[in-house]
Amino acid sequence: MSASPLPRLPNRIARQLFLERHGLASAPKGTGKGDDLAAVIDQIGFVQLDSINTVARAHHMILATRRPAYKEKNLKLLAERDRHLFEHWTHDASVIPTEFFRHWRLRFSRDKENLINRWRNWHQNEFERKFDEILNRISDHGPVTSASVGEDEQRSNGGWWEWHPSKAALEFLWRTGELSVTGRNGFQKVYDLTERVIPAQHLNAAHDFEETTDWAARSALDRLGFATSGEIAAFWDLITPQEAKDWCTAAKAAGTITEIEVECVDGSWRKVFAYPETLDTVSELPEPPSRVRILSPFDPALRDRKRAERLFGFYYRIEIFVPEPKRQYGYYVFPVLEGDRLIGRIDMKALRSENRLHVRAYWPEQGIRASKGREAKLQAELERTARFAGVSDITYEPDWQRTAL
């Protein structure tokens, strides 16, 4: 078989590049607050929010993995005091640098068009009748939560399709940009008028469709290192796959990006796009530190599960919604990274009332050999995790050290 005419990245270099762009290829040090924390979030692009608190909420774990000095209050200060971040949707609810707010106007307009008819199917049109009432109330009396509006409306313990009309109206006005999340009480969103939340320099800035499309594609490729047009579209979930494909075609013709091949862990090669300057710097990539890191299931390095499979040979699914007898691993199992390899997964829970982190099971990946050095590094990471979770002790099930499945 003849050699490919395209530049090629071997699998190990591709993994290092991917981890470097996701803030996992350098020693995890820094203050984890203020400008340092803002730089971390800008590098990875956004931080997904999630309420599950098995050890710590996902957004806090994502940041602590990169900055062990990080404290949960630091994210709140950056978002609610400094207004460096705003909350909205990428592929899921996330905190995003506020300087990108101008580009989310495309999202607002598309959500307004796409959600209105879909939500009518679940909420009929009752929520639409609440728009003026809610906007006037917030304007006159200040921020609200879903619990403080629609007090006379029937409440339900069902899914989001059973929200009371005022709750649905709040979420719709947030999704379409008229309201913004000004803060959270616990994990409950507090809504205010957008002009009171977003600083004027970002609120009043705007870009046309072409500028936002170009920004979304360029910034996604920069943070991914290499990607297909579909992966570029999925990163922010701000532009469509066709728009990303058209951008790649035009950028390739202009010489802004180039087509390369990346080696998958199984030895196959996959065509992707990259910036030419990215290829010029791969020889200078740092060697990821050999320490072990426990990742959140929602870590941006794992957001694209198929990409993780291709690069690392790591098949991962969250089994929250899988009936317990059918779970392969556990309810909420954490991936384990060592250097540039995903070496296993661990089932653990912070039992705060008992002041301990309890480890139920650890499964190494196929081909990962046990050693005293690796066991010591995992133990050190568990100790860091326990401190971050605010507990003192670590306990283990008798059979916690499992074999690869």
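Residues numbered from 1 in each chain as written. Predicted model: local features only at pLDDT ≥ 70, side-chain atom pairs only at ≥ 80, totals over all residues. Heavy atoms only, no water.

(A) Representation of the overall build of the protein chain. Counting its secondary structure elements, the protein chain contains 15 helices and 13 strands. Relative to the 2.2 N^0.38 estimate, which gives 22 Å for 405 residues, the radius of gyration of the protein chain is 23 Å and therefore close to what a compact globule would have. Considered along the principal axes of its C-alpha atoms, the protein chain spans approximately 65 × 60 × 40 Å. Across the 405 residues in the protein chain, those meeting the buried criterion constitute 52%. (Helix = DSSP H or I, 4+ residues; strand = E, 2+ residues; numbered from the N terminus. Rg over C-alpha atoms; globule rule 2.2 N^0.38 Å. Buried < 20%, exposed > 50% of the residue type's maximum accessible area, 1.4 Å probe, protein only.)

(B) Just the layout of surface pockets, in detail. Taken as a whole, the largest pocket spans an internal volume of roughly 600 Å³. Residue lining of the largest pocket: 22 residues in total, with W89, A93, W163, E171 and K189 positioned closest to the centre. Looking at the lining of the largest pocket, the elements that each hand over two or more residues are β3 (85-89), α5 (104-123), α7 (165-175) and β6 (188-193). A total of 4 residues in the lining of the largest pocket trace back to one element, the largest contributor, which is α7. Here the lining of the largest pocket is composed, by residue class, of 10 nonpolar, 3 polar and 9 charged. Of the voids in this model, the second largest pocket is the one considered here, and its volume is about 420 Å³. Only α3 (58-66), α4 (72-81), β3 and β5 (179-185) provide two or more residues apiece to the lining of the second largest pocket. (1 Å grid on protein atoms, 1.4 Å probe; cavity = no way out; pocket = protein on both sides within 12 Å on 5 of 7 lines; lining within 4 Å. Points joined across faces, edges and corners; volume = space filled by probe spheres on them. Nonpolar A, V, L, I, M, F, W, Y, C, P; charged D, E, K, R; others polar.)

(C) View of the pattern of salt bridges. Taken as a whole and assessed by the stated rule, the structure comprises 36 salt bridges. We note a salt bridge from R12 to E287, for which the minimum N-O separation is 2.4 Å. Pair noted here: R12 is in helix α1 (residues 11-21) and E287 is in the loop between α13 (276-281) and β9 (292-294), with a separation of 275 residues, a long-range link. Among the residues examined, R12 registers a relative accessible area of 41% and is labelled partly exposed. (Salt bridge = Lys/Arg side-chain N within 4 Å of Asp/Glu carboxyl O.)

(D) A look at helix α6 (residues 131-141). All buried positions along α6 are accounted for by F131, I134, L135 and I138. End-on, the buried residues of α6 take up no more than an arc of 95°, which puts them together on one face. Along α6, the residues that are exposed and aim more than 90 degrees away from the buried face are D132, D140 and H141. Residues of α6 that are buried make contact with α7, β5, β6 and α8 (194-197). At the C-terminal side of α6, G142 shows a positive phi close to 100°. (Arc of directions from axis to C-beta. Contact = heavy atoms within 4.5 Å.)

(E) Spatial organisation of the packing of α6 against α7. Between α6 and α7, whose axes approach to 9 Å, the crossing angle comes to 75°. Put simply, α6 runs roughly perpendicular to α7. Contacts between α6 and α7 involve F131, I134, L135 and I138 from the former and S166, A169, L170, F172 and L173 from the latter. (Axes fitted to C-alpha atoms, helices over the stretch in contact; angles between N-to-C directions. Parallel < 35°, antiparallel > 145°, perpendicular 65-115°, else oblique.)

(F) Quick look at the nonpolar core. W104, W215, L221, I232, W236, W247 and I257 are the most contacted members of the largest nonpolar core, which totals 31 residues. Residue assignment for this core shows that the elements contributing at least two residues are α5, α10 (209-224), α11 (229-236) and α12 (241-254). For this core, the element with the highest residue contribution is α10, accounting for 6 residues. (Core = buried A, V, L, I, M, F, W, Y, C linked by side-chain atoms within 4.5 Å.)

(G) Structural detail: the sheet that holds strand β13 (residues 393-396). Taken in spatial order, the 5 strands make up an open sheet running β9-β10-β11-β12-β13, and their pairing is mixed. Either end of the sheet is taken by a strand with one partner, and the two such strands are β9 and β13. Strand-to-strand twist in this sheet, taken as the mean axis angle between neighbours without regard to direction, amounts to 35°. Sheet analysis places strand β11 (residues 341-351) next to strand β12 (residues 356-364), joined by 8 bridges and oriented antiparallel. Counterpart to I346 in the pairing with β12 is Y362. (Pairing = 2+ DSSP bridges.)

(H) Structural context of the pairing of β12. Most of β12 sits inside the fold, with 7 of its 9 residues counted as buried. Hairpin connection from β11 to β12: 4 residues lie between these consecutive antiparallel strands, with N355 at a positive phi of about 60°. In this sheet, β13 lies alongside β12 in parallel orientation, the contact comprising 4 bridges. The residue of β13 that forms the bridge with L357 is I394. Note on the crossover from β12 through helix α15 (residues 372-389) to β13: the handedness is right-handed. (Right-handed = clockwise from strand over helix to strand, strands pointing away.)

(I) Representation of the environment of I232 in the model. Positionally, I232 belongs in helix α11. Owing to a relative accessible area of 1%, I232 belongs among the buried residues under this scheme. In this structure the C-alpha to C-alpha distance between I232 and R218, which are 14 residues apart in sequence, comes to 8.5 Å. In contact with I232, other than residues within four places in its own chain, are A217, A220, L221, L224, A227, A244, W247 and C248.

(J) Geometry of the pairing of β3. Most of β3 sits out of view: 4 of its 5 residues are buried. One ladder, built from 5 bridges, connects β3 with strand β4 (residues 93-97); its direction is antiparallel. Each bridged residue has a counterpart across the sheet, and for H88 the counterpart in β4 is S94. The turn joining β3 and β4, which pair antiparallel and follow one another in sequence, is formed by 3 residues.

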